[in-house]
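Given next are the chains, with one letter for each unit.
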Amino acid sequence: MSALLESYAAGRWFRAADDGEPLLDAATGEEVARISSRGLDVAAMVRHARDTGGPALRALTFHERAALLKELAKHLMERKDELYALSVRTGATSRDTMVDVDGGIGTLFSYASKGVRELPNDTIVLDGGLERLGKGGTFVGQHVYTSRPGVAAQINAFNFPVWGMLEKLGPAFLAGLPSIVKPASQTAYLTELTVRLIVESGILPEGTLQLLAGSAGGLLDELTIHDSVAFTGSAHTAGILRRHPNVLDGGVVLGVEADSLNCSILGPDVRPDDPEFDLFVKGVVTEMTVKAGQKCTAIRRVLVPEALAGPVEAALADRLARVGVGDPRNPEVRMGPLASLGQRDEVRKAVEALRASGEVVFGDPAGGSLLDGDPQRGAFMTPLVLRARPGATEPHDVEPFGPVASVLAYDGIEAALALAARGRGSLVASLVTRDPQVARSVVLGLAPWHGRVLVLDRDDAKESTGHGSPLPVLVHGGPGRAGGGEELGGVRGVLHHMQRTAVQGSPDQLTAITGRWTTGAARAESGVHPFRKSLAELRVGDTIASAPRTVSLADIDHFAEFTGDTFYAHTDPEAAARNPLFGGIVAHGYLVVSLAAGLFVDPAPGPVLANFGVDGLRFLTPVKAGDAIDVTLTVKQITPRRGADYGEVRWDAVVANQDGQAVATYDVLTLVAKTWPAQEAR
Ligand code: NDP
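S.K.: Even after reading the chapter, I still don't get the overall build of the protein, so can you show me in this structure?
M.R.: Scanning the protein from terminus to terminus reveals 20 helices and 27 strands. Referenced to the eigenvectors of the C-alpha coordinate spread, the extents of the protein come out at roughly 90 × 60 × 50 Å. In the protein, which comprises 682 residues, the proportion classed as buried is 54%. For the protein, the accessible area works out to roughly 28400 Å², and carbon and sulfur atoms hold 52% of it.

Spelled out as structure tokens, the structure:
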């Protein structure tokens, strides 16, 4: 008997007392492992996550969490051969394994990088700008995101045992939520190995990742407000979870990513000898054969102009006939088996349903020939293409979770959009067209029904990541039948896990709460120019208020001549007088900003190393010759960079005229040494 998988629960590996259920190799039918969660104390897992993992994680800043994710990604990358070796038993070819293993690790890298670049080195995230709520500016509002003191339960599908776990773990971890991962039983041995590698590494704080191997029985019963469930799998199970009392009334947030009948549309402009025709056919074949079509994003409905249905079917047949199906251990094999014999039965049933309104135009529903492998013991299935009859309903209702697609002919763009919408919401649609007008009208029609839309043509094909690949930086999820959930999408995927709160108060209180200087809060002028202070010495609110400088016509003329910006409003008095906004010569906005720099800069070598940008620059009041401008520069935010001798300082800059009116506002971004003189840093 093979080994019983273990759960990683409350800081130790737990082994059920019974023998468990066998899990079989998808290609050979041999037993790979057994699985059972009998006797597992799920309540203790939830307590452990809540009491140990959550507090440890939330003590870290986003940047510290991101650094751990990066270390973890590197660790898994070094050990990925072990994952590859086991992955073949799920029926995955090496191309499939790359999608699962490398795709999962890549998602961690991506979140590690987003966490540092797009989130603060803090535990609170600001959402949007400051809202002034009173005339005097003493009462303001700011939206903020904070971590929920909860647990992220993640219930995954069988098709991506590594990616499925990591794409949910990465964003939840960054958000400060400990995860309890429940993989689908069928392929849980690969998730278990991944969790073993993670736990052995000691990289993640204890309690931030636990594994529930076996039935999830009772997990939702233990969850409450602030906890969430991210589910990927069938619409049927999603329905059961949606009706759980803790979801209905207990405040548990449920995100669902379920079966979806994705489509690919061949644009009406494409001719059989266009490169787009081949791209379309290639895309459909890839989606039918990667993971043997067991992908939530796979193309199930192939929408083509009526006149091209025949040529598309012929081209699909030509390519699919060359796809060798068999045991993925054979390097000639391009498509492996389905995950289990049970899954194959399900797909065969779905094909029978589709045949009620369609005919098979490629493939053998009774079996088809294999490159190798035993069709009795292995869950092999060869690709099938059906042509749906006009008015067919089954292709829009039945999801064959395997290498099966239906061709549907359409007459006109409106008809294509109507067919696409009959899927009642899906994860992704693709459109292959060269015509920008077609692209706009079809994408606007598709977008409300889909989480992602790919527009493919000869220009982006080479770099395109394809129809079926969810990307960490783009949202994954779709409306309606696809479950209505949304995952990934860069920082969006992190913020989904956090609580947004509108905080109202005085500017000083908001500064203290957010760690970021708020307009109207106290400024500190110490007599020492803040450019003479190292990062360690600088404080939020440190300010320099400059002396005024009068802007002369000679300054404006000189700037125009020197830079070549001789726009009439700066150089032609008569034309400028007719300008309805200026009514005469005005200074260049960039002259104002340049003069402001001249007013606030402290020139001698010091801790300020570089200016790396300006954010939110707005010119508010025109500056005319004779106006006197001054600038107030205030430390808004201080962000030490991990592993560097310097950090980032964001300065609030306000340039005002002699009447106290703001003429320009912006944030100046600088790099400042952590200590100064620099040699002390070494
Ligand atoms: P299921 O919905 O049966 O299982 C998905 C996950 O939910 C598994 O981890 C499963 O665990 C778990 N689960 C099952 N019942 C419960 C429950 N009552 N409470 C909590 N968790 C539960 O989907 P399958 O993986 O079996 O796939 C079936 C079909 O779902 C496929 O044929 C396909 O149509 C669709 N599917 C869609 C996917 C997508 O990404 N959209 C991905 C995979 C499948 P266990 O395995 O232990 O039962």
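Having seen the structure, we can now continue with the description.
S.K.: Hey, could you run me through the site of the ligand in this one?
M.R.: Neighbouring the ligand are 23 residues, the closest being Asn-156, Ser-185, Ser-234, Thr-237 and Cys-296. Separating an oxygen atom of the ligand from a side-chain N or O atom of Lys-182 is a distance of 2.7 Å. Glu-257 places a side-chain nitrogen or oxygen 3.3 Å from a nitrogen atom of the ligand. The protein chains hide 78% of the 870 Å² of surface that the ligand would expose on its own. Those elements that provide at least two residues to the shell around the ligand are strand S10 (228–232) and helix H7 (235–242).

S.K.: Would you mind showing me how to read the pairing of strand S13 (residues 299–305) here?
M.R.: Working note: regular strand, side chains alternate between the two faces of the sheet. Among the seven residues in S13, seven count as buried, and that is most of the element. Pairing between strand S12 (residues 262–266) and S13: four bridges, direction parallel. Paired with Ser-264 across the bridge in S13 is Val-302. Of the crossover connections in this fold, the one passing from S12 over helix H9 (residues 275–289) to the parallel S13 is right-handed.

S.K.: Sorry if this is basic, but what is going on with the packing of aromatic side chains here?
M.R.: In this description, an aromatic ring pair is defined by two values, namely the gap between the centres and the angle between the planes. Here the structure, examined in full by the defined rule, presents seven aromatic pairs. Between Tyr-8 and Trp-13, the aromatic rings sit 5.0 Å apart at their centres with planes inclined by 50 degrees, giving tilted as the arrangement. With relative accessibility at 6%, the residue Tyr-8 sits in the buried group. You can call Trp-13 partly exposed: its relative accessible area is 23%. Three or more aromatic residues joined by ring pairs form one cluster here, namely Phe-531, Phe-600 and Trp-651. Over the ring of Phe-160 we find Lys-291; its NZ or CZ atom is 5.1 Å from the centre of that ring.

S.K.: I keep staring at the sheet that holds strand S6 (residues 140–147) and nothing clicks. Help me out?
M.R.: Hydrogen bonds between backbone atoms are what pair the strands of a sheet, whose relative direction is either parallel or antiparallel. With respect to topology, three strands assemble into an open sheet ordered S5-S6-S21, the strand pairing being antiparallel. Of all strands in the sheet, those bounded by a partner on one side alone are strand S5 (125–132) and strand S21 (498–505). Neighbour-to-neighbour, the strand axes of this sheet turn through a mean angle of 20 degrees, independent of strand direction. Pairing analysis gives eight bridges linking S6 to S21, with the strands arranged antiparallel. Opposite Gln-142, over in S21, you have Val-503 as the bridge partner.

S.K.: Where do I start with the side chain of Glu-287 in this structure?
M.R.: Along the chain, the position of Glu-287 falls in helix H9. Residue class for Glu-287 comes out buried when judged on its relative accessible area of 4%. Side chain to side chain, Glu-287 and Lys-295 meet in a polar contact 3.0 Å long. Each residue touching Glu-287, except ones within four places of it in the same chain, is listed here: Gly-293, Lys-295, Thr-297, Ala-298, Ile-299, His-467 and Gly-468.

S.K.: What am I meant to see in unusual backbone geometry here?
M.R.: Here the residue pair Trp-676 and Pro-677 is connected by a cis peptide bond, since its omega of 0 degrees sits within 30 degrees of zero. With respect to the helices and strands, Pro-677 occurs in the segment after strand S27 (662–673). Positive phi is not limited to glycine here, since Lys-291 has a value of about 55 degrees. Among the structural elements, Lys-291 can be located in the loop between H9 and S13. When its relative accessible area of 6% is taken as the criterion, Lys-291 is described as buried. With a phi angle near 55 degrees, Leu-488 is a residue other than glycine that sits in the positive phi range. With respect to the secondary-structure elements, Leu-488 resides in strand S20 (residues 487–488).

Scoring rules and cut-offs
- Residues numbered from 1 in each chain as written.
- Predicted model: local features only at pLDDT ≥ 70, side-chain atom pairs only at ≥ 80, totals over all residues.
- Heavy atoms only, no water.
- Helix = DSSP H or I, 4+ residues; strand = E, 2+ residues; numbered from the N terminus.
- Buried < 20%, exposed > 50% of the residue type's maximum accessible area, 1.4 Å probe, protein only.
- Areas by Shrake-Rupley, 256 points an atom, 1.4 Å probe, with all protein chains shown as cover.
- Near = heavy atom within 4 Å.
- Polar contact = N/O pair within 3.5 Å; in protein donor to acceptor, adjacent residues only side chain to side chain.
- Pairing = 2+ DSSP bridges.
- Right-handed = clockwise from strand over helix to strand, strands pointing away.
- Phe/Tyr/Trp six-rings, centres within 6.5 Å; stacked < 30°, edge-to-face > 60°.
- Lys NZ or Arg CZ within 6 Å of the ring centre and 35° of its normal.
- Axes fitted to C-alpha atoms, helices over the stretch in contact; angles between N-to-C directions.
- Contact = heavy atoms within 4.5 Å.

Remember, this is a structural readout, not a statement about activity or role.
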